[in-house]
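Okay, here's what each chain looks like letter by letter:
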Amino acid sequence: MMHLRADRLPTRVLIQVRTAAKVFDATLGNLSASGARLVGVPDRALKIGELIDINALGRHHKAQVRWNFDDACGLMFLQPLSQAQISAILGSRLSN
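The rules behind these values
- Residues numbered from 1 in each chain as written.
- Predicted model: local features only at pLDDT ≥ 70, side-chain atom pairs only at ≥ 80, totals over all residues.
- Heavy atoms only, no water.
- Core = buried A, V, L, I, M, F, W, Y, C linked by side-chain atoms within 4.5 Å.
- Buried < 20%, exposed > 50% of the residue type's maximum accessible area, 1.4 Å probe, protein only.
- Helix = DSSP H or I, 4+ residues; strand = E, 2+ residues; numbered from the N terminus.
- Contact = heavy atoms within 4.5 Å.
- Pairing = 2+ DSSP bridges.
- Axes fitted to C-alpha atoms, helices over the stretch in contact; angles between N-to-C directions.

**Concerning the nonpolar core**
Then, number 1: In terms of nonpolar packing, the biggest core is built from 24 residues, with Val17, Leu31, Leu38 and Leu46 touching the most fellow members.
Then, number 2: For this core, the secondary structure elements donating two or more residues are strand E1 (9-18), strand E2 (23-31), strand E3 (35-39), strand E4 (51-56), strand E5 (59-69), strand E6 (72-77) and helix H1 (83-91).
Then, number 3: With four residues, E2 is the largest single contributor of residues to this core.
Then, number 4: Ignoring anything within four residues of it in the chain, the contact list for Leu31 reads Asp7, Arg8, Leu9, Thr11, Ala36, Phe77, Leu81, Ile86, Ile89 and Leu90.

Take a look at the structure:
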């Protein structure tokens, strides 16, 4: 049986990532209700399985790191995002 991935919406939104030990900025490379891809992650900043908090537009979303490679990593949100939350995050790329 083939597992279908949720639609990934390409984006370039700057966010803040908070772990138990550090805080840094990264960019959302794509976004779906269930997860996201981060780019611009500092070397070895995130470990697979680690729980993190991302701050997008002043709203916090908890996620787990699912994979990492070079400066990118994949996240799975602990609570899926609503369509309104996705629209708000994607809308932020239009404003500077």
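Let's pick the thread back up.
**Some words on the pairing of E2**
Then, number 1: Counting buried positions over the nine residues of E2 gives seven, a clear majority of the element.
Then, number 2: Examined bridge by bridge, E1 and E2 share eight bridges and lie antiparallel to one another. The residue bridging Val17 from the neighbouring strand is Phe24, located in E2.
Then, number 3: Alignment of E2 against E3, held across four bridges, turns out to be antiparallel. Bridge pairing links Leu31 to Ala36 in E3.
Then, number 4: A loop of three residues connects E2 with E3, the two strands running antiparallel in sequence.

**Here's the deal with the sheet that holds E5**
Then, number 1: With antiparallel pairing, six strands are arranged side by side around a closed barrel as E1-E2-E3-E6-E5-E4. Going from strand to strand, the sheet's axes swing by 45° on average, the running direction of each strand aside.
Then, number 2: Relative to E5, E4 runs antiparallel, the two being bridged by six bridges. Bridged to Ile54 within E5 is His61.

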